[in-house]
Amino acid sequence: MHLKVRLLEFKTYSLAVNSIIKKYFQEKTKMVPSRYHDQYRKNQISTSNQGRLILMMYEGAIKFTNLAEESMSKGDLANQGKYIQKAHDIVNELSLALDFKKGGDVAPRLESLYQFALSQLTLANIKTDKKALQAVLNILNPLLEAWTKIYDASINTVQDEAAQPKSITSKC
């Protein structure tokens with residue numbers, strides 16, 4: 001029963017994340033025809049597990065915040081606004097995906113970090129403030145590192161369990 005609930009949560013979360021990532025990661029490259037690039041991204045998203053999707057969202061928010069900062073340096077207001085909006089949307093989705101029932105003390109703390117990041121992104125967009133973007137990166141980069149460690153540990157745990165013998169006599 002618990003597994004069914006987790007799978008249902010995963011499917012719901014995956015659909016939400018999938019639509020966000022699809023919307024915001026469709027940056028076209030000149031080297032790869034867009035049709036193949038889009039298919040690659042769809043495959044990458046649809047075959048990723050929940051932990052990997054979270055990492056992809058953090059990576060995307062950081063990428064777009066950096067691109068907004070570059071655009072700001074160039075005086076390119078159109079791209080600055082576009083990239084800030086993309087980063088804002090991703091952080092907002094991370095915030096909306098929090099589960100306060102299962103998250104314990106961590107969920108409210110993440111929520112306040114996300115809300116601060118959202119306010120800084122808005123400030124950066126309104127006032128063309130690089131310090132506000134830097135504040136967002138100072139939040140997102142350590143969170144990405146932490147989630148990466150959690151993800152790597154979960155992958156190692158699954159691999160360790162798979163490597164253990166399945167014989168019933170090994171448990172005696």
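The sections below set out a description of the structure shown in this document. Treat the numbers as computed from the prediction; the structure is a model and nothing was measured.

### Focus on the overall build of the chain
Then, in step 1: Tallying secondary structure elements over the chain gives six helices and zero strands in all.
Then, in step 2: The burial tally for the chain puts 34% of its 172 residues in the buried class.

### Thoughts on the nonpolar core
Then, in step 1: Counting 31 residues, the largest nonpolar core has Tyr-58, Ile-84, Val-91, Tyr-114, Leu-121, Leu-133 and Leu-140 as the members making the most contacts within it.
Then, in step 2: Looking at this core, the elements with two or more residues in it are helix 3 (50–74), helix 4 (77–96), helix 5 (106–127) and helix 6 (130–163).
Then, in step 3: When neighbours within four sequence positions are excluded, Leu-121 is seen to be in contact with Thr-65, Ile-84, Ala-87, His-88, Val-91, Leu-133 and Val-136.

### Details of the packing of aromatic side chains
Then, in step 1: Across all of its chains, the model carries two aromatic pairs by this definition.
Then, in step 2: Note on Phe-64 and Tyr-83: the rings are 6.1 Å apart at their centroids and 15 degrees apart in plane angle, and the pair reads as stacked. Of this pair, Phe-64 sits in helix 3 while Tyr-83 is found in helix 4, placing the two residues 19 residues apart along the sequence. We note that Phe-64, like Tyr-83, is buried.

### Observations regarding the pattern of salt bridges
Then, in step 1: Applying the stated criterion across every chain, the model contains one salt bridge.
Then, in step 2: Put simply, Glu-59 and Arg-52 hold a salt bridge, and the shortest N to O gap is 3.4 Å.

### A closer look at the packing of helix 3 against helix 4
Then, in step 1: Interaxial distance between helix 3 and helix 4 falls to 8 Å at its minimum, and their mutual angle equals 155 degrees. Taken together, the axes of helix 3 and helix 4 lie roughly antiparallel to each other. The two elements helix 3 and helix 4 cross, and the hand of that crossing is left-handed. Note on element contacts: helix 4 touches helix 3 through Asn-79, Gln-80, Tyr-83, Ile-84, Lys-86, Ala-87, Ile-90, Val-91, Glu-93 and Leu-94, opposite Met-57, Tyr-58, Gly-60, Ala-61, Phe-64, Thr-65, Leu-67, Ala-68, Ser-71 and Met-72.
Then, in step 2: Looking at the contact of helix 3 with helix 4, its residues break down into 13 nonpolar, five polar and two charged.

### Some points on unusual backbone geometry
Then, in step 1: With a phi angle near 50 degrees, Thr-128 is a residue other than glycine that sits in the positive phi range.
Then, in step 2: With respect to the helices and strands, Thr-128 occurs in the loop between helix 5 and helix 6.
Then, in step 3: Note on Thr-128: relative accessible area 38%, which makes it partly exposed.

### Description of the packing of helix 4 against helix 5
Then, in step 1: In the contact formed by helix 4 and helix 5, the axes pass within 10 Å of each other and the chain directions differ by 165 degrees. Taken together, the axes of helix 4 and helix 5 lie roughly antiparallel to each other. The element helix 4 and its partner helix 5 pack so that their crossing is left-handed. On helix 5, the residues touching Gln-80, Gly-81, Ile-84, Ala-87, His-88, Val-91, Asn-92, Leu-94 and Ser-95 of helix 4 are Glu-111, Tyr-114, Gln-115, Ala-117, Leu-118, Leu-121, Thr-122, Ala-124 and Asn-125.

### Here we look at the environment of Lys-82
Then, in step 1: One can find Lys-82 in helix 4.
Then, in step 2: Lys-82 gets classed as partly exposed once you look at its relative accessible area, which sits at 36%.

The rules behind each value
- Residues numbered from 1 in each chain as written.
- Predicted model: local features only at pLDDT ≥ 70, side-chain atom pairs only at ≥ 80, totals over all residues.
- Heavy atoms only, no water.
- Helix = DSSP H or I, 4+ residues; strand = E, 2+ residues; numbered from the N terminus.
- Buried < 20%, exposed > 50% of the residue type's maximum accessible area, 1.4 Å probe, protein only.
- Core = buried A, V, L, I, M, F, W, Y, C linked by side-chain atoms within 4.5 Å.
- Contact = heavy atoms within 4.5 Å.
- Phe/Tyr/Trp six-rings, centres within 6.5 Å; stacked < 30°, edge-to-face > 60°.
- Salt bridge = Lys/Arg side-chain N within 4 Å of Asp/Glu carboxyl O.
- Axes fitted to C-alpha atoms, helices over the stretch in contact; angles between N-to-C directions.
- Parallel < 35°, antiparallel > 145°, perpendicular 65-115°, else oblique.
- Left-handed = near helix turned anticlockwise from the far one by under 90°.
- Nonpolar A, V, L, I, M, F, W, Y, C, P; charged D, E, K, R; others polar.

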